[in-house]
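# Observations on chain architecture
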Amino acid sequence: MTNAMTMSRFTIFISTLLLFFSVTLSANEANTTNALKLGSYQTIVEQQAGHPLVVVFWSITCASCLKEMATIKEIHQEQPHLPIVMISIDDISETPLVQATLKDKGLSDLESWVFAESNAQRLRYEIDSKWYGEIPRLYFFDADQNRRGISGKISKADWLELLAG
Amino acid sequence: MLKFFQKPTSSQLTWLFILAPLLLTACQSTGKTASLSPYHDHGNTALKGIIATDFAPDGTLWRLFPTEKNIFVEYSTDLGRSFSQSFKVNPKKQKINIWAENPPIIKVSRSGRIHVLYYADEDQRATTYFSYSDDQGRTFSTPMLVSDEAATAMHYMDQMLVDSTGKVYFFWHDTRHGRHDQKLGSGIVSLYYTTFDSLNGRLEDQKITGGICSCCRTATALTPDDKPVILARMVLEKGIRDHALIRLLDNNQWSKPIQAITDDWRVDACPEHGPAISIDDQGRSHLVWFTLGEQRQGIFYAHTDDYGHHVSHPPLALGDPSELPGHPDVLAIDNRVYLTWQQFDGQQTDIMVQHSTDRGHSWSKHKQVLSVSGRSAHPKLLRKNKKAFLMWSTEAKGLQLINITHD
């Protein structure tokens, strides 16, 4: 009886502990992926006004993007307060895979969006009227919201240079 | 072969050819869809607005219509104004996976065999399947995997050519043999091929070359003596992603890739913007492509009479650079060369055409012939004997077909 009571309390304790950790973990991961529609990009940029910001456009099928993520993880670890926004140009139906990829690459605590307009070209044009859609596409904003866009995977040294302005 | 619909008489056909293009153009100018027909029981639109088409030798227009789970085929004997009932290609439902740069294909051979190629998620995403029909679409062969290693290596971005004897060539991007020079960049895959014919079935896969940029569709065409030629974006020295030509030689060996275009686009990225090629009856290869290289940026045309060793220079720039001209296609018929591409002004996508009557030496002014707001497939050019047709599929207006022949 006593043993059973102890086991029961132990089980409850463990369950509570697991519940606590799972809640804490999911809170830390904060991995809700938002739907990027017309106007969303401008909101993202405006919300970071006065601070440097990096916006990364990528896709789950883009090998160069997946490689770039290792560098993004390093930069994120070294500069945790630098906002880096990950925007997947995949179809919104791919959201579970977008989230799984970010988690796998250790980037699931970054702000995450996925294209949610059926006409992706219109969305791209609103972001940058000179962008043909090649990815990865990175935008570095300084505190005055001056923007520099660059296509393709870049090195960590390039990142640091672009962040330095 | 055509057993279950009435063939029009030759005089009816003549009137059809004269009137249909005029009617289609007239419909377009009044803002109506040029050749939209009801999509039967598929719902309102094809999956992602993407439809594949081809003309049979008898002038019948065939279209492949993808839905979420199935591939359907239909035909039209009135240039797309009405279509037959739908014939299902895949007996078991599959998760069809296509996108504008990776569309399904339908090709009709000289004998009237209907060849279909499509992509579905299986062990790998967007795995390629092939099926054919010898009874005008009423029954299709059990869809078969194109690659021998479909379970373990991604294979996609296929091209399908059918030569004059009915032999089918398949070319595709394949992720196996991943020993590519990592210093050159990411997303580098191999180009594989196989063939299929009724006598020998499907051959074992064979590698043509490594160094292929994974996400740009490779283009293919047949020479006048039925040999395949490939135009591909390759990852070259210093990570430059420029275009090369590869061809099947008379000894049935593949040539080494010849870098035909020097744009110096040094980038480690997925452009998702493949080239196109058409070869005229004298063996001139007409090429169109996209680049953001050091030398030039945008879409361009050039031609070569020796498969890439010497190429016309400078390349002809196409379109309005402020409107993101992209996804060009090219079609050569005798001395005539037709070009099409898309442009985007921020609100709507426009389809432009331009032509040459002297094998690509001089060119007409370009003109806009179609436009739509909303998602669309890339514009394609189709040959119907000596006639050139523009085919464009959009979510908003369905399939549109215009005769752009310049007599």
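Look up: the structure comes first, before these words.
Residues numbered from 1 in each chain as written. Chains lettered and ligands numbered in written order. Predicted model: local features only at pLDDT ≥ 70, side-chain atom pairs only at ≥ 80, totals over all residues. Heavy atoms only, no water.

### What about the pairing of strand β14 (residues 206–213) of chain B?
Residue and element names in this part refer to chain B. The buried fraction of β14 is high, at six of eight residues. Bridge count between strand β12 (residues 188–197) and β14: five bridges; the pairing is antiparallel. The residue of β14 that forms the bridge with Val 189 is Ile 212. (Buried < 20%, exposed > 50% of the residue type's maximum accessible area, 1.4 Å probe, protein only. Helix = DSSP H or I, 4+ residues; strand = E, 2+ residues; numbered from the N terminus. Pairing = 2+ DSSP bridges.)

### With respect to the sheet that holds strand β4 (residues 87–88) of chain B
Residues and elements named next belong to chain B. Pairing in this open sheet of four strands is antiparallel, and the strands run β1-β2-β3-β4 from one edge to the other. Edge positions in the sheet fall to β1 (52–55) and β4, since each has one partner strand and no second. With two bridges joining them, strand β3 (residues 71–76) and β4 adopt antiparallel strand pairing. By the bridge assignment, Val 73 is partnered in β4 with Phe 87.

### Topic: the nonpolar core
Counting 45 residues, the largest nonpolar core has A:Val55, A:Phe57, A:Ile84, A:Met86, A:Ile87 and A:Trp159 as its most contacted members. Considering each element in turn, this core owes the most residues, six residues, to strand β2 (residues 53–58) of chain A. Once residues lying within four places of it in the same chain are set aside, the contact partners of A:Ile87 are A:Leu36, A:Ile44, A:Val55, A:Val56, A:Phe57, A:Trp58, A:Trp113 and A:Phe115. Core analysis: the second largest hydrophobic core is formed by 38 residues, B:Ile71, B:Tyr75, B:Val116 and B:Tyr129 among them. (Core = buried A, V, L, I, M, F, W, Y, C linked by side-chain atoms within 4.5 Å. Contact = heavy atoms within 4.5 Å.)

### Focus on the state of the cysteines
The tally for this structure, following the rule as stated, stands at one disulfide over all chains. Paired through a disulfide, A:Cys62 and A:Cys65 show a sulfur-sulfur distance of 2.2 Å. Judged by the torsion about the S-S bond (85 degrees), the A:Cys62/A:Cys65 disulfide is right-handed. Note on A:Cys65: relative accessible area 2%, which makes it buried. For the unlinked cysteine B:Cys213, the closest cysteine sulfur is that of B:Cys216, found at 4.3 Å. Taking the relative accessible area as the measure of exposure, B:Cys216 reaches 1% and is therefore buried. (Disulfide = S-S within 2.5 Å.)

### Comments concerning helix α5 (residues 120–127) of chain A
Residues separated by three or four positions in an α-helix point in the same direction, a consequence of the helix having 3.6 residues per turn. Three or more residues of α5(A) are buried, namely A:Gln121, A:Leu123, A:Arg124 and A:Ile127. Angularly, the buried residues of α5(A) cover 160 degrees about the axis, an arc narrow enough to put them on a single face. (Arc of directions from axis to C-beta.)

### Focus on the pairing of strand β6 (residues 105–108) of chain B
Residues and elements named next belong to chain B. Where β6 and strand β7 (residues 114–121) come together, four bridges link them in antiparallel fashion. Across the sheet, residue Lys 107 finds its bridge partner in β7, namely His 115. Counting the residues that bridge the hairpin from β6 to β7 gives five residues, and of these Gly 112 lies at a positive phi of roughly 95 degrees.

### Details of the environment of B:Val116
Residue and element names in this part refer to chain B. Here Val 116 lies in strand β7. A relative accessible area of 0% places Val 116 in the buried class. Each C-alpha atom, one on Val 116 and one on Thr 394, is 21 Å from the other, the two residues being 278 residues apart in sequence. Setting aside its immediate chain neighbours within four residues, Val 116 contacts Leu 64, Ile 71, Val 73, Val 89, Ile 105, Ile 106, Tyr 129, Phe 130, Ser 131, Phe 140 and Met 160.

### Looking at the sheet that holds strand β6 (residues 147–151) of chain A
Backbone hydrogen bonds are what pair the strands of a sheet, in a parallel or an antiparallel way. Residue and element names in this part refer to chain A. One open sheet accounts for six strands, arranged β1-β4-β3-β2-β5-β6; its pairing is mixed. Each edge of the sheet is formed by a strand with only one pairing partner; in this case those strands are β1 (33–36) and β6. Strand-to-strand, the axes of this sheet are offset by a mean angle of 20 degrees, without reference to chain direction. With five bridges joining them, strand β5 (residues 137–141) and β6 adopt antiparallel strand pairing. When the bridges of β6 are listed, Tyr 139 appears paired with Gly 149. Against the sheet, helix α6 (residues 156–164) contacts β2, β3 (84–88), β5 and β6, and its axis sits at roughly 35 degrees relative to β5. (Axes fitted to C-alpha atoms, helices over the stretch in contact; angles between N-to-C directions.)

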